[in-house]
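Each chain is listed here by its residues.
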Amino acid sequence: MLNERSPLIPSGVCGLNVAAAACGAKTDSTPDSGSDTPTKDPRQLDTFFGVMVPTILSMFSIILFLRMGFVVGHAGLLQGLLMVFVAYTIISLTILSICAISTNGAVQGGGAYYMISRSLGPEFGGSIGLMFFLAKVCACGEYVLGLVEAILDVFGTNPDTHLADGFRLLPHGYWYTVLYSSVVLLLCLIVCLVGAHIYSRTAFVILLVVTASLLSIFISSVAVKPFDFIISHPGPGNQSTQYNASYTGFSSTTLRKNLDSDYSLDYSTNTVMSFATVFAVFFTSCTGIMAGANMSGDLKNPSISIPKGTISAVFYTFIVYILLLLMVSATCDRTLLIQDYGFLQKINIWPPLVTIGIYCASLSAAMCSLIGASRILHALAVDHLFGLPLAPAAITSSSGNPWVAVLYTWGLAQCVVFAGELNSIAALVTVFYLLAYAAVDLACLALEWASAPNFRPTFQLFSWHTCLLGILSCLVMMFVINPVYSSGSIVLLLLLLLFLHYRSPTSSWGYISQALIFHQVRKYLLMLDVRKDHVKFWRPQVLLMVANPRSSCQLILFANQLKKGGLFVLGHVQLGDLDAMPTDPIQQQYNFWLSLVDKLDVKAFVDLSLSPSVRQGTQHLLRITGLGGMKPNTLILGFYDSCTPDDFFLQDTAFRNSSMGQGSDGEYNFGVDLPSLQAHFPPVRHVESPRSLSPEEYVGIISDALKMGKNACLARYFFQLEGEDKDSKVDGSERTIDVWPLNLLQPGSRDYEDVCSLFLLQMACVLNMSNKWRRARMRIFLNVETESNDQGWVVNEEAFRELLRKLRIRASIKIVPWDTVVQHHIQPVGEPKHALSEDFLSAVNCMLLEHSSQAAVCFLYLPRPPAQRSHSQQYLAHLEAVTNNLGPTLLIHGVTPVTYTGL
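The notes below deal with the structure included here.

**Looking at the overall build of the protein**
Stage number 1. When helices and strands are counted, the protein shows 30 helices and 14 strands.
Stage number 2. Evaluated residue by residue, the protein yields a buried proportion of 56% over its 903 residues.
Stage number 3. A separation of at least 24 residues holds for 82% of the contacts in the protein among residues at least 6 apart in sequence.

Here it is in structure tokens:
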């Protein structure tokens, strides 16, 4: 049985079936199929080693040592502190969402991707996961570039002479930077291929080194005495620019001068800095909050470790950044901060310790990003969201290390280092991360607003307010940093979302959209008060009873056009007694009927009933179908005659082209493939086939509907109707809708304005407003006796035209003299009072064929059924004789006032 740990159905977006086994992939807990020895459990990390250590190292990274002076020098202490508080407010709100989601169930490998996809569905999760993967890749390249910058600062040739001097042997230049970055990336690759658990234990040693470096920095601020030195930068040509800088020690004067901002030229990129660009660089130091979540596949207990470890790590780094900002602002003049990003080495009591700390922090952050990105890519590959291109990324080693995903990530990171400078890609990295954080907040907000009973996170320090504030703050800061990158990333996200929505298979993870829709629908259904119904807002809400959809597809398509935005329900009664059955057979049939609805592309619900008789089952459906103010007001039945129906499944190509498990649009049909759908519905009945419904029961259903205040419609010959399917090119311009509002079986009746006649007109008008019938011509036929001395029909005609004008019904009126028809309306000798002669019925039928044989559909007045059960067969015989060979015909008896002439 599928669950949240199951991958998606093996159906990739590239149209290729890709199974994990085919590419050698193994899940974290699945034994190697080629060996009798089970694989080693990759979940070996605890809270400290698996979450705290990688999170702290990712947040310290290169920014801690090489860009804190950059922040204070350009932005000043006050704006620098503002940046810290803004950045940590954003990540704190996101952390609350991460903790809530991660403590609501078992978290598997993939970290942020896993949490978002299992909360919002594969489309949103896949698109955000891919963008978060790209953010991690870019961050990895950024950290590598920062490390190379630090290496060249110590071991690079003299910037004044460009000559080797002692141990300063490494030449400068763009291509040299790319070469050094490639070597560092190769080192990271080798370490990451060994395995995440080995890296994590190595990371602890790195954390000790970084901590020692930080302690030396704070100690040096007190121990080192003030001094001056000269800073040189390469200038145009072979010239160099020199600056006089000072380390003052703790000084109130220095602190006062560094309070305000002084945005100037950045010597590494030759661009003038601003609040947005400086914040973009600084925020990359805060993007490591998901380092622990990305290791979720390697944690022993991710639901406990992720919240505890992430919050502890963030609090620790926040304190360190605040203290470092204050220390730098009070001890270094602005020239030193702006013109030398590696000044912390020069003012340290033992510079090599800071150098080692920089190298360790940068290398660790790069490896952490490389591992985190590879875990996200591996999770995407296991779920088969992107098909064959990512299929090899699902391969893992015997210890569970996704080494192919690591190679993918390394290759993309190699492309990123061609940027050449850390500051040049900082804005892009920050925008990607902010978008990913906004998505995490959105996932938590959706779960909270859906009010699903199973959303019970053990972490309770969050609310929908924190989620919404997190989303807004992320989006605002994205556009503050770089509107172009922000707009582009959102467009890319939407394109990926649409691509996955139309191409990815259906998942078994559950869709948050369904929970949100349920929540909103329930709320609005309660607001839909039936006591406030008004005739001017009336619309048909149809219950169409279907015995066998093989012969009813055209009628289903027609009723879909007739509903005019109202409720449309397909009803079906299965004969049986639940007491004599072990289980309810109805529940197993819903998927087949819903798949039929998808196949026909109609907006309909399905309601099935088990009952001893069709009449009793129809009564149940008329009473209980719908909810609140959305209940059927119109019953449509197929006509009761002896003609052999056609099998629509054999005519429509959509029902002949088999696609195992997939619809025509590539969507998974919830386990119902086309052969199963065809096999479920029985063949159409033959003339000799026994009927499950007697004539008396059929007429009784009509009577029941009228007694219950429902309008009744009988549909005949709709298997002849063409152009209703979604691929049809029929635009309706060649169609006509004929309406006969008079009760043709009672010639004495001349009332064209009774409730039933007006309902007939309204239904025809509704059909004329639908998409495929909008351009059809509507004709209304008025039957008059012109040979009588009474000329009242002329007045009636004028009154009827005035009525149509008031009702805003555009139709042509045709006057049909039927004196010759009425002459046959005589009581047959020896027949009951209600009987009609065959001559009269034949004359009525001939009149209808004369005027409406070419009509696309014909609306007729349905007489009220007889009260006595014994007259049912005669009633049906009259209707059959009148409509014989007429084409698609809808006989209607309305009991609901539906027209309104006021505003």
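**Let's talk about the pattern of salt bridges**
Stage number 1. Taken as a whole and assessed by the stated rule, the structure comprises 9 salt bridges.
Stage number 2. A salt bridge links Lys346 to Asp340, with the shortest nitrogen-to-oxygen separation between them at 2.9 Å.
Stage number 3. The exposure class of Lys346 is partly exposed, given its relative accessible area of 40%.
Stage number 4. A salt bridge links Arg531 to Asp529, with the nearest nitrogen and oxygen atoms 2.8 Å apart.
Stage number 5. The exposure class assigned to Asp529 is buried, which follows from its relative accessible area of 19%.
Stage number 6. In the salt-bridge network here, residues are joined through shared partners; they are Asp641, Arg716 and Glu880.

**A closer look at the sheet that holds strand S10 (residues 736-740)**
Stage number 1. If you trace the 10 strands from one edge of the open sheet to the other, you get S7-S6-S5-S8-S9-S14-S13-S10-S11-S12, paired in mixed fashion. The open sheet is flanked by strand S7 (605-611) and strand S12 (812-817), the only strands paired with a single partner. Across the sheet, the mean angle from the axis of one strand to that of its neighbour is 25 degrees, orientation sign disregarded.
Stage number 2. Sheet contacts for helix H21 (residues 590-600): strand S6 (568-575) and S7; angle to S7, the most-contacted strand, approximately 145 degrees.
Stage number 3. This element, helix H25 (residues 695-707), spans strand S8 (634-638), strand S9 (711-716) and strand S14 (889-893) of the sheet and lies at about 170 degrees to S8.

**Some thoughts on helix H29 (residues 838-852)**
Stage number 1. The first and last C-alpha atoms of H29 sit 21 Å apart over 15 residues, in line with the 21 Å expected at 1.5 Å per residue.
Stage number 2. Taken together, the buried positions of H29 are occupied by Phe840, Leu841, Ala843, Val844, Asn845, Met847, Leu848 and Ser852.
Stage number 3. As for H29, its buried residues are in contact with S10, strand S11 (777-784), S12, helix H28 (819-822), strand S13 (857-861) and helix H30 (872-882).

**As for the environment of Ile62**
Stage number 1. With respect to the helices and strands, Ile62 occurs in the loop between helix H1 (47-60) and helix H2 (63-66).
Stage number 2. A relative accessible area of 0% places Ile62 in the buried class.
Stage number 3. Counting along the chain gives 298 residues from Ile62 to Cys360, while the straight-line C-alpha distance between them is 9.3 Å.

**With respect to the pairing of S9**
Stage number 1. Burial within S9 is extensive, with 6 of its 6 residues counted as buried.
Stage number 2. The alternating pattern of S9 places Asn711, Cys713 and Ala715 on one face and Ala712, Leu714 and Arg716 on the opposite face, and all of these are buried.
Stage number 3. Both S8 and S9 contribute to a ladder of 5 bridges, which runs parallel. Each residue of the ladder has a partner; that of Ile636, found in S9, is Cys713.
Stage number 4. Two elements, S9 and S14, share 5 bridges in a ladder whose sense is antiparallel. Bridging across to S14, Leu714 finds its partner in Leu891.

**Focus on the side chain of Asp340**
Stage number 1. With respect to the element layout, Asp340 can be found in the loop between helix H12 (334-339) and helix H13 (343-346).
Stage number 2. Take Asp340: its relative accessible area is 5%, and that puts it in the buried class.
Stage number 3. Within polar-contact distance, the side chain of Asp340 engages the backbone nitrogen of Gly342 at 3.1 Å.
Stage number 4. When neighbours within four sequence positions are excluded, Asp340 is seen to be in contact with Ile231, Tyr267, Thr335 and Lys346.

Cut-offs used in this document
- Residues numbered from 1 in each chain as written.
- Predicted model: local features only at pLDDT ≥ 70, side-chain atom pairs only at ≥ 80, totals over all residues.
- Heavy atoms only, no water.
- Helix = DSSP H or I, 4+ residues; strand = E, 2+ residues; numbered from the N terminus.
- Buried < 20%, exposed > 50% of the residue type's maximum accessible area, 1.4 Å probe, protein only.
- Contact = heavy atoms within 4.5 Å.
- Salt bridge = Lys/Arg side-chain N within 4 Å of Asp/Glu carboxyl O.
- Pairing = 2+ DSSP bridges.
- Axes fitted to C-alpha atoms, helices over the stretch in contact; angles between N-to-C directions.
- Expected span 1.5 Å × (residues − 1).
- Polar contact = N/O pair within 3.5 Å; in protein donor to acceptor, adjacent residues only side chain to side chain.

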